[in-house]
Amino acid sequence: MNAESLILEMDRISDPIRAKNSEWFFKTGKGEYGEGDKFIGITMPQLRKICQKYRSLSLSELSKLLSSPIHEHRMSAVVIMSDIFNSSNPDKQSAIFNLYLESVKTNKINNWDLIDVSAPHVVGEYIFINKTPEVIIELAKSKLLWEKRTAVLATSPFLKNGVSEYTIKVAEILLKDEHDLIQKAVGWFLREMGKRVSEELLLDFLDKHAHEMPRTMLRYSLEKLNPILRQKYMNAKRS
C-alpha cells in the first residue's frame, strides 16, 4: 500500500457536486483563508474508512499526501497520523510531530478542519507526553494563522488532565487577535476549560478580560454558562 493507491480509492468515490459545495464552505475563493484549495468531494466517514486500511503508510508516503493540492488527500494524512500516534514508539512520535509542524509552517496543513481533527492528537499529545509546553507558547506567538490555531487545539490534552494553565496563557496571547477562526477557537477552549476543569477559572478569566475580548470569542466562551452570567459578561463587553 502507498499514497498512490489511497488516492485511487478516493478517486473512485469522489463527488463533484460535494466538491463544489466544500470549496464554498471552506472559503477557497480569492482573498479567503482557504484560497485555492481543491476538493474532490468525500465525506469524513468515507475518508476514515479508507484510512483504516492505510495506517501502515510510511512517513514518506504520508508526506506525499501532505504535498497534494487536494484537501482530502492532506486530510487522510493527518487522520492517519492521529490514529497511529499513541501506538508509535517515541522516535516515530517525534518524527510524526516534526512532520506535522513543518506541514503547518509550509501551509500544507492549512485549514481549520485539518487542524481540529488532528492537532490535539499529534501536537498536543506529543507536547503533553514530553512536557514541552513552551512549544505551544511559541506557536501562539506566531504570525501564521494555522500555527496559532494549532496552539489553541494543542492545549486539549492538558485540559483533559485538569491542567488549564496553557489554555489561559494562549488565550491571553491571542486575546485581541482579529481573525474569526482564532477568536472562535479561543472562545471554544475557554468554554472547554470551564466544562472540563473549573467554571470558576473561566469566570475569573472573564472577570479580567470580558470587556476587551472580541465579541465572537466572548460569545463562544459563554455558551455553557447560565443565562444570567451570559448576560452579565455581554453587558461588560458593551460597557
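As a reminder, the structure under discussion sits directly above these lines.
In this text the structure is predicted, and so the values were computed from the model without any measurement. (Residues numbered from 1 in each chain as written. Predicted model: local features only at pLDDT ≥ 70, side-chain atom pairs only at ≥ 80, totals over all residues. Heavy atoms only, no water.)

(A) Representation of the overall build of the protein chain. Assigned secondary structure in the protein chain consists of 16 helices and 0 strands. Computed over the C-alpha atoms, the radius of gyration of the protein chain is 19 Å, within 12% of the 18 Å expected from 2.2 N^0.38 for a compact globule of 239 residues. With respect to the three principal axes, the spread of C-alpha positions in the protein chain is 55 × 40 × 30 Å. Out of the 239 residues belonging to the protein chain, those deemed buried represent 53%. Contacts spanning at least 24 positions in sequence make up 68% of the contacts within the protein chain whose residues lie at least 6 apart. (Helix = DSSP H or I, 4+ residues; strand = E, 2+ residues; numbered from the N terminus. Rg over C-alpha atoms; globule rule 2.2 N^0.38 Å. Buried < 20%, exposed > 50% of the residue type's maximum accessible area, 1.4 Å probe, protein only. Contact = heavy atoms within 4.5 Å.)

(B) The nonpolar core, seen in detail. Of all hydrophobic cores here, the largest spans 75 residues; its most connected members are Tyr100, Leu206 and Tyr233. Here this core takes 8 residues from helix 5 (residues 71–85), the largest share from any one element. If sequence neighbours within four positions are ignored, Tyr100 has contacts with Val78, Met81, Ile109, Leu114, Ile115, Ser118, Ala119, Val122, Val123 and Thr150. (Core = buried A, V, L, I, M, F, W, Y, C linked by side-chain atoms within 4.5 Å.)

(C) View of the environment of Asp116. Summarising the element assignment, Asp116 is placed in helix 7 (residues 112–118). Along the primary structure Asp116 and Arg149 are separated by 33 residues, whereas in three dimensions their C-alpha atoms are 8.4 Å apart. Leaving out residues up to four positions away in the same chain, Asp116 has contacts with Arg149, Leu153 and Trp188.

(D) The side chain of His73, seen in detail. Tracing the backbone shows His73 in helix 5. With relative accessibility at 5%, the residue His73 sits in the buried group.

(E) Representation of the packing of aromatic side chains within the structure. Scanning all chains against the criterion turns up 10 aromatic pairs. With centroids separated by 4.0 Å and ring planes inclined at 15 degrees, the aromatic side chains of Phe97 and Tyr126 adopt a geometry described as stacked. Of this pair, Phe97 sits in helix 6 (residues 90–105) while Tyr126 sits in helix 8 (residues 120–130), placing them 29 residues apart in sequence. Note on Phe97: relative accessible area 7%, which makes it buried. Clustering of aromatic rings is evident, with ring pairs tying together Trp24, Phe25, Phe26, Phe39 and Trp112. Cation over ring: Lys27 sits above Trp24, and NZ or CZ is 5.6 Å from the ring centre. (Phe/Tyr/Trp six-rings, centres within 6.5 Å; stacked < 30°, edge-to-face > 60°. Lys NZ or Arg CZ within 6 Å of the ring centre and 35° of its normal.)

(F) Seen up close, the side chain of Ser156. By the secondary structure assignment, Ser156 is in helix 11 (residues 156–160). Under the relative-accessibility criterion, Ser156 is labelled buried at 12%.

(G) Inspection of unusual backbone geometry at higher detail. A positive phi angle is found at Lys27, which is not glycine, with a value near 55 degrees. Classification of Lys27 by relative accessible area gives partly exposed; the value is 30%. Of note, the phi angle at Lys131 is positive, near 55 degrees, even though the residue is not glycine. Classification of Lys131 by relative accessible area gives exposed; the value is 67%.

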